[in-house]
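Commentary on secondary and tertiary structure
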Amino acid sequence: MMEAMHFLRVRGSFARAREVFSVWERAIEALAFEDHDPRLVEGYLQRARIEIAAGELSEASEALDVASAHADDRSCEMAEVHLCRGRIARKRGSISEMEEAMKRSIELFEQTEQMEYLARTIAALGQCLSWLSRAREAADMHLRALEIFEAIGNEALIGRSHELLIASMYDIGEDERALAHAEAALDSARKQGNTRLEA
């Protein structure tokens with residue numbers, strides 16, 4: 001059911017995704033899971049993601065409240081709760097609140113083996129810091145994310161990190177490094193058979 005909710009959310013079929021969630025919710029009530037079962041947390045996280053994508057931020061916050069009530073305080077699931085709270089803050093235009101949530105998420109992901117989630121969250125924080133005109137900190141975050149993406153070998157995210165670093169390096173006056181990241185982004189696009197950046 002998690003996969004179905006994810007698929008329907010990505011396709012924008014929010015009403016159908018909510019229907020699947022309702023079926024899942026009835027099933028877990030019948031199964032009587034333990035309070036801190038990760039499957040409970042994941043279900044309500046999926047509901048929150050659906051509502052964030054649909055723009056229903058109050059409903060998303062309510063789902064996250066339930067998810068956090070079932071999550072262990074220092075778990076990967078709680079890191080995802082904070083990540084979703086950061087996304088809600090961004091949609092509401094509260095960039096400082098987004099920064100706080102992202103930092104808390106990073107602290108928790110650092111204690112797990114979820115390296116891609118960690119790097120994605122670091123990159124999101126980098127963008128947040130850019131919006132706050134904290135260019136040096138933003139560049140540091142993007143460099144850190146790039147290092148992790150390179151370690152796990154995710155070429156698409158390596159390329160995206162190089163793209164973000166072009167602007168970050170220009171913002172701090174590092175024009176030569178910006179050009180180097182532009183070349184690296186083009187190289188990554190070629191590796192993926194993507195000519196978008198070369199147009």
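Scroll up for the structure.
First, a word on scope: everything that follows refers to the structure included in this document. (Residues numbered from 1 in each chain as written. Predicted model: local features only at pLDDT ≥ 70, side-chain atom pairs only at ≥ 80, totals over all residues. Heavy atoms only, no water.)

So, helix H10 (residues 175-191)
So the rule is basically this: Here a strand is any run of E in DSSP of at least two residues, a helix any run of H or I of at least four, and the numbering for each starts at the N terminus. By this rule the span expected of a helix is its residue count minus one, scaled by 1.5 Å. A 1.4 Å probe rolled over the protein chains alone gives each residue an accessible area, and that area as a share of the maximum for its type sets the label: buried under 20%, exposed over 50%, partly exposed in between. Taking the helix axis as origin, the arc is that swept by the directions to the C-beta atoms. Here, two residues are considered to be in contact whenever any of their heavy atoms come within 4.5 Å of each other.
In this model, H10 (17 residues) spans 24 Å end to end at C-alpha, consistent with the 24 Å of a helix rising 1.5 Å per residue. Those residues of H10 lying buried are Ala178, His181, Ala185, Leu186, Ser188 and Ala189. Mapping the buried residues of H10 onto a view down its axis gives an arc of 160°, with all of them on the same face. Opposite the packed face of H10, turned more than 90 degrees from it, sit the exposed residues Glu176, Leu179 and Lys191. Structurally, H10 contributes buried residues whose contacts are with helix H8 (135-152) and helix H9 (155-171). Note on H10: the residue one or two positions beyond its end, glycine 193, has a positive phi of about 70°.

What about the packing of aromatic side chains?
Two descriptors summarise a pair of aromatic rings, namely the distance from one centre to the other and the angle between the planes of the rings. Applicable threshold: Any pair of Phe, Tyr and Trp rings, taking the six-membered ring for Trp, is counted once the centres come within 6.5 Å. Such a pair is stacked with planes under 30 degrees apart, edge-to-face with planes over 60 apart, and tilted for the rest.
Summed over the entire model, instances satisfying the criterion amount to four aromatic pairs. A centroid spacing of 5.4 Å and a plane angle of 35° characterise the contact between phenylalanine 21 and tryptophan 24, whose relative ring orientation is tilted. Linking phenylalanine 21 with tryptophan 24, this pair stays in helix H2 (residues 14-31), spanning three residues, or about one helical turn. In terms of burial, phenylalanine 21 and tryptophan 24 fall into one category: buried.

Examining the pattern of salt bridges
It is possible for side chains bearing opposite charge to pair when their charged atoms get close. Selection criterion: For this document, the term salt bridge refers to a Lys or Arg side-chain nitrogen within 4 Å of an Asp or Glu carboxyl oxygen.
A full pass over the atoms with the stated rule returns 13 salt bridges. Two residues, arginine 85 and aspartate 65, come together in a salt bridge whose shortest N-O distance is 3.1 Å. Residue arginine 85 is located in helix H5 (residues 76-91), and its partner aspartate 65 is located in helix H4 (residues 57-70); the two are separated by 20 residues in the primary sequence. Look at arginine 85 and you get partly exposed, because its relative accessible area is 26%.

Quick look at the side chain of histidine 142
Along the chain, histidine 142 falls in helix H8. Leave out the neighbours within four places in its chain, and histidine 142 touches Ala123, Gly126, Gln127, Ser130, Leu164, Leu165 and Ser168.

Brief notes about unusual backbone geometry
For serine 133, which is not glycine, the phi dihedral falls at a positive 60°. Positionally, serine 133 belongs in the loop between helix H7 (115-131) and H8. We classify serine 133 as exposed; its relative accessible area is 65%.

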